[in-house]
Structures are given as C-alpha cells and as structure tokens.
Amino acid sequence: MGSKSVVTLAGVSALALYSSMAVGSLGSRYNFPEPQSIIAKETYDMHIWLMWVCLVIFIGVFSVMFYSILKHRKSVGHKAANFHHSTAAEVIWTIIPCIILVVMAWPATKTVIAMKDTSSPDMTIKATGYQWMWGYDYLQGEGEGISFFSRISTPRAQIENKEPKGEHYLLEVDNHVVVPVGKKVRVVITANDVLHAWSVPALGVKQDAIPGFIRDTWFTADKAGIYRGMCSELCGKDHAFMPIVVEVMEADDYAQWVATQLSASAVKTSMHVENK
C-alpha cells in the first residue's frame with residue numbers, strides 16, 4: 001500500500017471515528033447533554049464546529065509530517081536540504097493561524113456576550129450555596145416570596161453500597177427548582193461559606209458561587225422537563241452531594257405550583273405566629 005493510500009485511510013478512519021463519537025451512542029454518553037436552551041444550543045454547536053476545525057488541522061499537520069518523514073528519509077536516498085530560514089514560510093505559518101483564530105473567536109465572542117446578558121428577565125431566583133445544599137429564594141416575577149432549601153435525596157443505603165443504585169444516583173433532591181417554560185429566568189448566585197458553582201449543562205448554565213459576591217446568569221428552557229446538574233466547584237468533603245434539579249413546567253402547571261407553595265408558606269407563617 002502506497003504512502004498516499006495510508007494517509008487517506010488514516011484520515012477517513014479518524015473522520016469516521018469522530019463522527020460516531022459526535023452523533024452516535026458514544027456521543028450521547030461522552031458529549032454534552034442534549035441542549036434545552038438557546039445558550040446551550042449555541043455552546044453545543046460551537047463546541048462541535050470547533051472540534052471539526054481542530055480535527056481538520058490535526059489531519060492536515062500530521063499528514064504533511066508523516067508524508068515528509070516517509071518520502072524524505074535517508075534510507076530511500078533523500079539528501080537533507082541545507083537552508084537557514086524561509087521568510088515566506090514564516091509569514092504564511094504566522095498569518096494562517098491568526099486568520100483561523102479570528103474565525104473561531106468571532107462566533108464564540110457573540111455567544112459569550114449573550115451568556116452575560118441577564119437584562120429584562122421574566123423572573124429572578126437567588127441560589128445560595130451551603131456546605132452542602134442549595135438555598136433558593138424567588139425574588140421577582142411569578143412565585144415571588146417562595147423560599148426553600150434543596151438537599152440531596154439519594155438514600156444513604158445506596159451511597160454506602162448497601163442497596164442497588166437508582167437511576168438518578170446522587171442527582172435527586174427533595175425540592176426542585178421549578179420554573180415556567182419559555183420564560184427568561186435570571187439566577188442570582190452567591191455562597192454562604194466556601195466556593196460553590198451552580199451548573200446545569202442542558203440549560204447552558206455554569207456560574208461560580210462566591211461568598212460575599214453576587215454573580216448572575218440566565219436561561220430560557222425550550223420545553224418542559226427535568227434537567228439535572230451538580231455543584232461544579234470543589235467545596236469540601238460532601239462536594240459530590242450537592243445536586244441541582246430544575247423542573248420546567250407549562251405555564252398553567254407552574255401557576256398551580258406557585259399557588260400551592262405560597263399557600264403552604266402562609267400556613268407555616270400563621271402557625272409560627274400562633275405558637276408565639
């Protein structure tokens with residue numbers, strides 16, 4: 001088999017493997033989760049596009065390198081060239097990477113700017129990281145006044161390997177963050193003790209929670225469903241036990257949930273006053 005055939009076969013194999021990982025069963029296991037918000041879609045598309053660019057560069061560079069090694073080796077009688085430098089080559093291999101970087105940076109910058117635009121939200125939720133749970137306060141919009149803590153609900157027996165692990169092992173909580181579908185949700189994020197990070201990959205959200213500072217991010221969920229995430233900043237011995245669950249509901253279902261939560265809160269307040 002000739003050297004050109006070997007290079008061609010290697011390139012086709014690499015493309016086939018990469019394609020299967022990007023869109024096949026391997027992709028669904030090792031790639032990003034299916035995006036469920038506009039930012040998540042832009043991030044996912046950017047990731048896939050840039051990986052293709054990197055793959056093309058990888059194949060091009062290594063094809064030239066291996067071709068040069070095979071065709072210009074001493075054993076086939078090739079004599080080494082004797083030159084100091086080439087100004088034209090240096091200009092070319094400087095300008096081309098700069099152009100590639102600009103082409104890659106332009107759409108990436110647009111996405112980053114969109115990620116930071118938390119203006120004009122339909123509702124605002126404050127997420128506070130604790131060792132080791134999350135606290136949520138609905139600050140603005142439908143549901144204003146709702147407040148609760150969200151703790152991991154995976155049975156201790158599963159964690160200690162005393163019973164089989166469930167489908168959502170370490171990814172279930174007692175209280176979900178509930179939001180309506182199609183609404184822009186601003187999440188104001190901070191921490192009570194150490195660094196945490198509020199991350200829900202399917203919604204394209206990841207923001208550090210820093211004690212004494214307020215950070216914010218946003219998302220608009222495309223469809224109803226349950227989307228899971230985790231604290232993504234090493235925060236202590238129970239870092240692995242700080243899951244995040246966002247439940248996206250249709251407008252009517254969300255309104256009913258809000259009414260139930262506010263009613264329950266009013267009952268608790270009334271009982272507290274009576275006990276005093």
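Residues numbered from 1 in each chain as written. Predicted model: local features only at pLDDT ≥ 70, side-chain atom pairs only at ≥ 80, totals over all residues. Heavy atoms only, no water.

Visitor: Residue-level account of the overall build of the protein, with values.
Guide: Within the protein, the secondary structure is distributed over 6 helices and 10 strands. Taken across its 276 residues, the protein has 31% of its residues classed as buried. Contacts spanning at least 24 positions in sequence make up 64% of the contacts within the protein whose residues lie at least 6 apart. With an accessible surface of roughly 16900 Å², the protein has 63% of that area assigned to carbon and sulfur atoms. (Helix = DSSP H or I, 4+ residues; strand = E, 2+ residues; numbered from the N terminus. Buried < 20%, exposed > 50% of the residue type's maximum accessible area, 1.4 Å probe, protein only. Contact = heavy atoms within 4.5 Å. Areas by Shrake-Rupley, 256 points an atom, 1.4 Å probe, with all protein chains shown as cover.)

Visitor: Can you explain the environment of I39? Please cite residues and give values.
Guide: Position of I39 among the secondary structure elements: in helix α3 (residues 38-71). Taking the C-alpha atoms as reference points, I39 and V205, 166 residues apart in sequence, are found 8.2 Å from one another. The contacts of I39, once residues within four sequence positions are left out, are T111, A114, M115, G204 and W218.

Visitor: An account of the pairing of strand β9 (residues 225-231) is needed here, citing residue identities and associated values.
Guide: Inspection of the sheet shows strand β6 (residues 196-200) paired to β9 by 2 bridges, in the antiparallel sense. By the bridge assignment for β9, W198 is matched with C231. Across 6 bridges, the pairing between β9 and strand β10 (residues 243-249) is antiparallel. The partner of Y227 across the bridge, within β10, is V246. (Pairing = 2+ DSSP bridges.)

Visitor: Give a detailed account of the sheet that holds β9, specifying residues and quantitative values.
Guide: Taken in spatial order, the 5 strands of this open sheet run β4-β10-β9-β6-β7, and their pairing is mixed. The strands lining the two open edges of the sheet, one partner per strand, are β4 (177-180) and β7 (205-209). Adjacent strand axes in the sheet meet at a mean angle of 20 degrees, parallel and antiparallel pairs treated alike. Looking at chain direction, β4 and β10 are connected through 4 bridges and run parallel. Within β10, the residue paired with V178 across the bridge is E247. (Axes fitted to C-alpha atoms, helices over the stretch in contact; angles between N-to-C directions.)

Visitor: Describe the packing of aromatic side chains, naming the residues involved and giving the relevant values.
Guide: Taken as a whole and assessed by the stated rule, the structure comprises 8 aromatic pairs. Taking the centre distance of 5.6 Å and the plane angle of 70 degrees together, the rings of Y130 and F149 count as edge-to-face. With Y130 in strand β1 (residues 123-130) and F149 in strand β3 (residues 147-150), this pair connects stretches of sequence that are 19 residues apart. Judged by its relative accessible area of 21%, Y130 falls in the partly exposed class. Taking the relative accessible area as the measure of exposure, F149 reaches 37% and is therefore partly exposed. Ring centres 5.8 Å apart and planes at 25 degrees place the aromatic pair Y254 and W257 in the stacked group. On the criterion of helical spacing, the pair formed by Y254 and W257 is a turn pair, its members being 3 residues apart in helix α6 (residues 251-275). There is no split in this pair, since Y254 and W257 are both buried. Each member of the aromatic cluster is reached from another via a ring pair, and the members are Y136, Y138, F148, Y254 and W257. Its guanidinium or amino end placed over the ring of W218, K184 lies 4.7 Å from that ring's centre, counting from NZ or CZ. (Phe/Tyr/Trp six-rings, centres within 6.5 Å; stacked < 30°, edge-to-face > 60°. Lys NZ or Arg CZ within 6 Å of the ring centre and 35° of its normal.)

Visitor: Give me the lowdown on α3, citing residues and values where you can.
Guide: In a regular helix each residue adds 1.5 Å, so 34 residues correspond to 50 Å; α3 covers 49 Å between its end C-alpha atoms and thus fits that length. Along α3, the residues that are buried comprise I39, A40, M46, I48, L50, V53 and L55. (Expected span 1.5 Å × (residues − 1).)

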